[in-house]
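# Overview (structure and organization)
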Amino acid sequence: MSLVFSTAARGARAEAIVGQFDQASTAGRLELYTTTQPAAGASAGGSPIATITLQKPCGTVTAGVIAFAVSVPVQILSTGDVLWARGVDGDGNWVCDGNVAVTGTPGAAFTLDDVTLYAGAFVFLFNATLSEP
């Protein structure tokens, strides 16, 4: 049997996540990595291939689903396959980690249209949501 939360509980949890991303005076970020994903919140083991700065507020919550605001495009620093992403608040405090896969991959925490990113190209959030599986 699986654990299922009420709509009210899912909404409260989603609001808490938005609050964590937005708690600092500066906006939170999503960092995209090509390194092996570490244990939750542990050292990333390298520099991100790209860092997407979230809007502030980072998004809105409807029925337990976070709809992230469209972000400003950021340039990709080096070519590589994104394996995981880390969310941090504006002070750099860890909020979440998750694996990255191509859009449509079941069980992926984060998805991209293509996980191979190329140096000099741009990446940004558009129609990005976060919800419980």
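Refer to the structure printed above.
Treat the numbers as computed from the prediction; the structure is a model and nothing was measured.

## Comments concerning the pattern of salt bridges
This model, assessed by the stated rule, comprises 2 salt bridges. Here Arg-29 and Glu-31 are joined by a salt bridge, their closest N and O atoms 3.9 Å apart. Looking at Arg-29, the relative accessible area reads 21%, which means it is partly exposed. The class of Glu-31 is buried, set by a relative accessible area of 11%.

## Observations concerning the sheet that holds strand β4 (residues 65-68)
Ordered by their spatial adjacency, 3 strands build an open sheet running β3-β4-β12, and the pairing between neighbours is antiparallel. The open sheet has two edge strands, β3 (59-62) and β12 (129-130), and neither has a second partner. Inspection of the sheet shows β3 paired to β4 by 4 bridges, in the antiparallel sense. Within β4, the residue paired with Thr-60 across the bridge is Ala-67. Of the strands in this sheet, β3, β4 and β12 are in contact with helix α1 (residues 7-22), which crosses β3 at around 170°.

## Re the sheet that holds strand β9 (residues 110-112)
Spatial ordering of the open sheet is given by β2-β1-β7-β8-β9, a layout of 5 strands whose pairing is mixed. The two strands at the open ends of the sheet, each matched to only one other strand, are β2 (50-53) and β9. When strand polarity is set aside, the average angle formed by the axes of neighbouring strands in this sheet is 25°. Summarising the sheet, strand β1 (residues 29-33) and strand β7 (residues 84-88) pair through 5 bridges and their orientation is antiparallel. The partner of Leu-32 across the bridge, within β7, is Ala-85.

## What about the pairing of β4?
When a strand is regular, its side chains alternate between the sheet's two faces. Taking every second residue as pointing to the same face, the buried face of β4 carries Ile-66 and Phe-68, while none of Val-65 and Ala-67 on the other face is buried. The turn joining β3 and β4, which pair antiparallel and follow one another in sequence, is formed by 2 residues; a positive phi near 50° is taken by Ala-63. Pairing analysis gives 2 bridges linking β4 to β12, with the strands arranged antiparallel. Considered in β12, the bridge of Ile-66 is made with Leu-130.

Calculation rules
Residues numbered from 1 in each chain as written. Predicted model: local features only at pLDDT ≥ 70, side-chain atom pairs only at ≥ 80, totals over all residues. Heavy atoms only, no water. Salt bridge = Lys/Arg side-chain N within 4 Å of Asp/Glu carboxyl O. Buried < 20%, exposed > 50% of the residue type's maximum accessible area, 1.4 Å probe, protein only. Pairing = 2+ DSSP bridges. Helix = DSSP H or I, 4+ residues; strand = E, 2+ residues; numbered from the N terminus. Contact = heavy atoms within 4.5 Å. Axes fitted to C-alpha atoms, helices over the stretch in contact; angles between N-to-C directions.

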